[in-house]
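A look at the structure
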Amino acid sequence: MKLNVNGESHQFDGDPAMPILWFVRDMLGFTGTKFGCGMALCGACTVHVDGAAVRACTTPVSFAENKRITTIEGLAKGDELHPLQKAWQQHNVPQCGYCQSGQIMQAAALLAKNASPADDEIVSAMSGNICRCGTYTRIHAAIKTAAEELS
Amino acid sequence: MSATRELSRRGFLRMGAAAGGLVFTLQLLPFGQRSAAAAAEAAAAVLPGLSPNLFVELQRDGGVIITCHRSEMGQQTRTSMAQLVADELEADWARVVVRQAPGDPKYGDQNTDGSKSVRLNFTRLRQAGASVRQLLHLAAADTWQVPVAECSSELGVVYHRASGRQLGYGELVDRAAALPLPEPASATLKTRDQWRYIGKAVASVDLDDVLHGTARFGMDVQLPGMLVAVIARPPVVFGRVKSLDDKAARATPGVVDVIQLDPPSPPVAFKALGGVAVIADNTWTALQARGKLEIDWLDGDNGDYDSGQFMESMVATVGKPGTVVRAQGDVDRALAGATKTVEAVYRAPHLAHATMEPPAATAVVTAASAEVWACTQNPQAARSSVAEALGLKPEQVVVHVTLLGGGFGRKSKQDFVVEAALLARATGKPVKVVWSREDDIQHDYYHTISAQYLKAGLDAEGKTIGWLQRTVFPSIGSTFNAGQVSPLDFELGMGAQDNPFAIDNLRIEKGEAKAYTRIGWLRSVINILHTFSAQSFACELAQAAGADPKDYLLQLIGPARTVELPDLPVKYANYGAAQAEYPIDTGRLRHVIETVAERSDWNRKRKQGRALGIAAHRSFLSYVATVVEVEVKADGSWIIPSVHTVIDAGTVVNTDHVTAQCEGGTVFGVSCAIGAISFREGRAQQSNFHDYRVARMSQAPRMIDVHIVPSSAPPAGVGEPPTPPVAPALCNAIQVATGKRIRDLPVPLRL
Ligand code: FES
Ligand code: FES
């Protein structure tokens, strides 16, 4: 099957049940998408399929056939960072960084749907993404900053 | 930022010219973008600069590579270690790249736990930077034939002001190479007011890579021809395979081999746990095929571990006199003569580290060498553990340290690195061992399980005149000495022996408890349970005395003084530091409490359903006080609208990262309060984030206010001290809000 990842088309002839997570990591070397739980419980593997956030650890590649997969590596437009990446810089959000690709991808999908989310909407949209380092207050603040930037 | 990305590209372009010996290092991430660190490594290999000491490499183009020998797990040690060197070197931060050191004793202590990276390296790394700066002055003086005292430097350039001449550090490399490095210990260090980077909020050197997804963690290592292994480990520690049917697993396309690993012999230490490894050409195939293994296990002696029953046996133990580890006055008489006595038993469960990145390690092994890439907190221990497992000398083993997706003490243990080495030897290929979340939760080195008994006597005025505390928990020592049933000195010094209260009659006792699983250290370690009990009990005493909990806590602590602990039956460890340099200073403890009370507006009445709780504790030589605000809803659910926390960690290197550690340590403390691992038939009952609870954004504080007490005292710990006060402060708040005293953790999400 043909899979489009970050704007490039790839041929994949392996197991169509392979989760997108392992396809992008092991086959393409896009290791920015992380393995945290494998059960759609932590959000570390969040990518976009046609702009919507999905958990790559439980979504088979077959689901993305003829659709566009975007990983963290494809979020910036060339050198132009996504407003969330800029806001993340401004708030120095990451600690270990491991959860952050998933956090940013989840937040990007939220802002794409809801350009100025209320505090509680942020909490509920982001509560599927665990950050064991506990960067939640900064994630929340950075999403607010990016939302202001966008509107 | 753009400089880093530029360097990534430069590094990328130079990859092809890499020298043969470094081939594996440079071929990491063969498809993706290179991280800045890997790029720096590559650039240095092509065009070596001058390395006057272990920590500084001066490049000819003016770049400076600073080597960080501590492991990065989110505390930003790569940034703070570099700040120390760069400040005294007067390097231009924009031209600094950080290189990660491999595990090697020549760097000194690399064991990144115990919140001691800054404390151990504060002077040493500044001297390393200052002596190289001095060397550059000498080289410039030599070039210009002027007295060295007339040379000065700023941001990577040496000046001779009198003649208006200047030379960049890069231009001085050849001249400097011919001169001896001045003695680091005699280098003149800057005064505090001259610090350029130390004490400032310098952004993380890894920020850009993280935001682009190019930061390289242990999980992300990819080598040419690499295989991936996942392992079915015995569900009970010291269990072994009784029978195995691996036909279906072997028949899975992509599976290369199925290999049995020997179970360890006691003590478990950092040895591999044994089990059955499935080796495949990609992670998904390995995970799938592991599910097809049919294994019968022999459980061995730990097979009947039931943590519920075990807890009750520990509660029975704390009900009886134990061995005294600190005593002053006559507690029995004080309690007998008290107007009022209060007693309580506190229970706290096992916890799992659940680092966001599960353990992962990659190895290449030949007959006479091993090369390893691992997210390890302790690369020297990884080196010696791998050497021991393979029958090699440590010098034959190279351990590269990747970024760590969280550590919290889990990645101080080297079992996963040993597994990779054993499987790489068995297959003759590069092998990456990947732990799933289930592997991680079910085969952790768990935070210990504990019971505490406290009893106090109050006089007619409500003053506490006697304090008895008994502590019982399986010791971390059991991991390294199978017969260990009693706490180690350092464990007793984490919140029990070092009780700072001004109580005339005080006795601390320990009891025995055997370990039936691997016990390890988890962020703030035994302080978690001792602070939970002692700071909850302090609040219970306040309530018994009819006093405000904050005022009563200050009263218990008493006047500002140094708590001396002479002649204890068990020596007080003080986190390995001299008490003369790092005393138990109740003045500093009082100060963080008074400050946090002010910042949280402690005395202001809260609206219906909301309440505050306070707790304070000195750990890892730092002082932290925390106020948790809880809001309990009608249905018993609760949230934390705000937390205020104040830390006195002495001199701090990076204010923003200290703030971040206080925020993160607070959230970690909430997780410690709501999480629990239980055992039945020797098996951990939880397996993933659906049943092992860690704080999500919904449970985490909505607002965290952090205040760092300005101080010029010697630097103390930061990564761990924010955690211990959180659980008791939360439980104290819940008690005020609901009247319910929680003495058994975890705190339910619905009260
Ligand atoms: S790894 Fe996919 S949600 Fe956790
Ligand atoms: S930054 Fe470490 S898990 Fe989120």
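Not measured: the values here are computed from a predicted model. (Residues numbered from 1 in each chain as written. Chains lettered and ligands numbered in written order. Predicted model: local features only at pLDDT ≥ 70, side-chain atom pairs only at ≥ 80, totals over all residues. Heavy atoms only, no water.)

**Regarding helix α13 (residues 415-427) of chain B**
Residues and elements named next belong to chain B. Cut-off, in case you're wondering: Runs of H or I in DSSP of at least four residues are treated as helices and runs of E of at least two as strands, each being numbered from the N terminus. Expected helix span is computed as 1.5 Å times (number of residues minus one). The buried label goes to any residue with under 20% of its type's maximum accessible area, the exposed label to any with over 50%, and the partly exposed label to all in between, with areas taken from a 1.4 Å probe on protein chains only.
Taking 1.5 Å per residue as the helical rise, α13 with its 13 residues ought to reach 18 Å, and the 18 Å between its terminal C-alpha atoms agrees with that figure. Counting buried residues along α13, eleven of its 13 residues qualify, which places the element largely inside the surrounding structure. Along α13, the positions that sit buried rather than exposed are D415, F416, V417, V418, E419, A420, A421, L422, L423, A424 and T427. Directly beyond the C-terminal end of α13, a positive phi value near 70 degrees is found at G428.

**Section: the environment of B:N574**
All names here are of chain B. Filter applied, for reference: Contacts between residues were defined by any pair of non-hydrogen atoms, one from each residue, lying within 4.5 Å. Side-chain atoms alone can form a polar contact between residues adjacent in sequence; in general such a contact is a pair of N or O atoms within 3.5 Å, and within protein one must be able to donate a hydrogen while the other accepts it.
By the secondary structure assignment, N574 is in the loop between β21 (562-563) and β22 (584-585). Separated by 343 residues in sequence, N574 and I231 have C-alpha atoms that sit 39 Å apart. What N574 contacts, discounting residues up to four positions off in sequence, is Q579, Y582, R618 and L621. One polar contact links the side chain of N574 to the main-chain carbonyl oxygen of Y582, over a distance of 3.1 Å. At 2.8 Å, the side chain of N574 and the side chain of R618 are in polar contact.

**Considering the interface of chain A and chain B**
Rules: What counts as buried area is the accessible surface, traced by a 1.4 Å probe, that two parts surrender upon association, with contributions from both included. A pairing counts as a salt bridge when a side-chain nitrogen of Lys or Arg comes within 4 Å of a carboxyl oxygen of Asp or Glu.
Facing the 52 residues of chain A at the interface are 64 residues of chain B. A combined buried area of about 4700 Å² lies between chain A and chain B, and 59% of that area is made up of carbon and sulfur atoms. Linking chain A to chain B there are four salt bridges. B:D220 serves as the salt-bridge partner of A:R25, at 2.9 Å between the closest nitrogen and oxygen.

**Points about the domain arrangement of chain A**
How big an interface is tends to be stated in terms of the accessible area lost upon association of its parts. Residue and element names in this part refer to chain A. Filter applied, for reference: For the domains described, the bounds stem from an automatic or database domain assignment.
Looking at chain A, the domain boundaries give domain 1 (2-74) and domain 2 (83-150). The C-alpha centroid of domain 2 is placed 20 Å from the C-alpha centroid of domain 1. Contact residues are listed per partner, giving 16 residues for domain 1 and twelve residues for domain 2. A buried area of about 1100 Å², summed over both sides, lies between domain 1 and domain 2, and 57% of it is on carbon and sulfur atoms. Summed over the shared surface of domain 1 and domain 2, the result is zero salt bridges. Where domain 1 packs against domain 2, one counts eight residue pairs in polar contact (both at pLDDT 80 or more). Counting only elements with at least two residues in the side of domain 1 that touches domain 2, the list comes to β3 (46-49) and β4 (52-55). Element by element, the count of residues in the side of domain 1 that touches domain 2 is highest for β3, at three residues.

**Observations concerning the packing of helix α19 (residues 655-674) of chain B against helix α20 (residues 726-738) of chain B**
Residues and elements named next belong to chain B. This is how it is decided: Axes here refer to lines fitted to C-alpha atoms; in helices the fit is confined to the stretch in contact. Angles between the N-to-C directions go from 0 to 180 degrees. In these notes the angle categories are as follows: under 35 degrees is roughly parallel, over 145 is roughly antiparallel, 65 to 115 is roughly perpendicular, and the rest is oblique. For a crossing to be left-handed, the near helix must be turned anticlockwise from the far one by less than a right angle; the clockwise case is right-handed. As a working rule, the residues Ala, Val, Leu, Ile, Met, Phe, Trp, Tyr, Cys and Pro are called nonpolar, Asp, Glu, Lys and Arg charged, and the rest polar, with Gly in that last group.
Running from N to C, α19 and α20 point in directions that differ by 65 degrees, and their axes come no closer than 8 Å. In terms of their interaxial angle, α19 and α20 are classed as roughly perpendicular. In terms of crossing hand, the pair formed by α19 and α20 is right-handed. Where α19 approaches α20, its residues G665, T666, G669, V670 and A673 are matched on the opposing element by V726, A727 and L730. Within the contact of α19 with α20, the residues separate by chemical class into five nonpolar, three polar and no charged.

**Observations concerning the state of the cysteines**
Selection rule: Sulfur atoms of two cysteines make up a disulfide when they are within 2.5 Å.
Summed over the entire model, instances satisfying the criterion amount to zero disulfides over all chains. Unpaired in this structure, B:C662 has its nearest cysteine sulfur neighbour in A:C133, at a distance of 14 Å. Among the residues examined, B:C662 registers a relative accessible area of 1% and is labelled buried. This cysteine, B:C672, is not joined by any disulfide, and B:C731 carries the nearest cysteine sulfur, 12 Å off. With a relative accessible area of 7%, B:C672 lands in the buried category.

**A short note on the packing of aromatic side chains**
Residues and elements named next belong to chain B. We count it as follows: By convention, a stacked pair of Phe, Tyr or Trp rings (six-membered ring in the case of Trp) has centres within 6.5 Å and planes under 30 degrees apart, an edge-to-face pair has planes over 60 apart, and any other such pair is tilted.
If you walk through the whole model with that rule in mind, you get 19 aromatic pairs over all chains. Between W93 and Y197, the aromatic rings sit 5.4 Å apart at their centres with planes inclined by 45 degrees, giving tilted as the arrangement. With W93 in the loop between α4 (77-89) and β3 (96-100) and Y197 in the loop between α6 (173-177) and α7 (207-212), the pair connects residues that are 104 residues apart, well separated along the chain. The class of Y197 is buried, set by a relative accessible area of 8%. Plain terms: the ring middles of Y305 and Y516 are 5.3 Å apart, the flat faces sit at 20 degrees to each other, and that makes the pair stacked. One end of the pair, Y305, is in the loop between β11 (294-298) and α10 (307-318); the other, Y516, is in the loop between β20 (505-510) and α16 (527-545), with 211 residues separating them in the sequence. Residue Y516 is classed as partly exposed on the basis of its relative accessible area, which comes to 23%. Taken together, the ring pairs in this structure connect Y305, F310, Y446, Y516 and F679 into an aromatic cluster.

**Observations concerning the sheet that holds strand β23 (residues 610-619) of chain B**
All names here are of chain B. Under the convention used in this document: Any two strands with at least two DSSP bridges between them are considered paired.
Reading across the sheet, the four strands line up as β23-β24-β25-β28 and stay open at both edges, with mixed pairing between neighbours. In this open sheet, the two strands that pair with only one neighbour each are β23 and β28 (704-708). Strand-to-strand twist of the sheet, defined as the mean angle between neighbouring strand axes without regard to direction, takes the value 15 degrees. Of the strand pairs in this sheet, strand β24 (residues 622-632) and strand β25 (residues 638-648) are connected by nine bridges, and their pairing is antiparallel. What sits directly across from E631, in β25, is I639.

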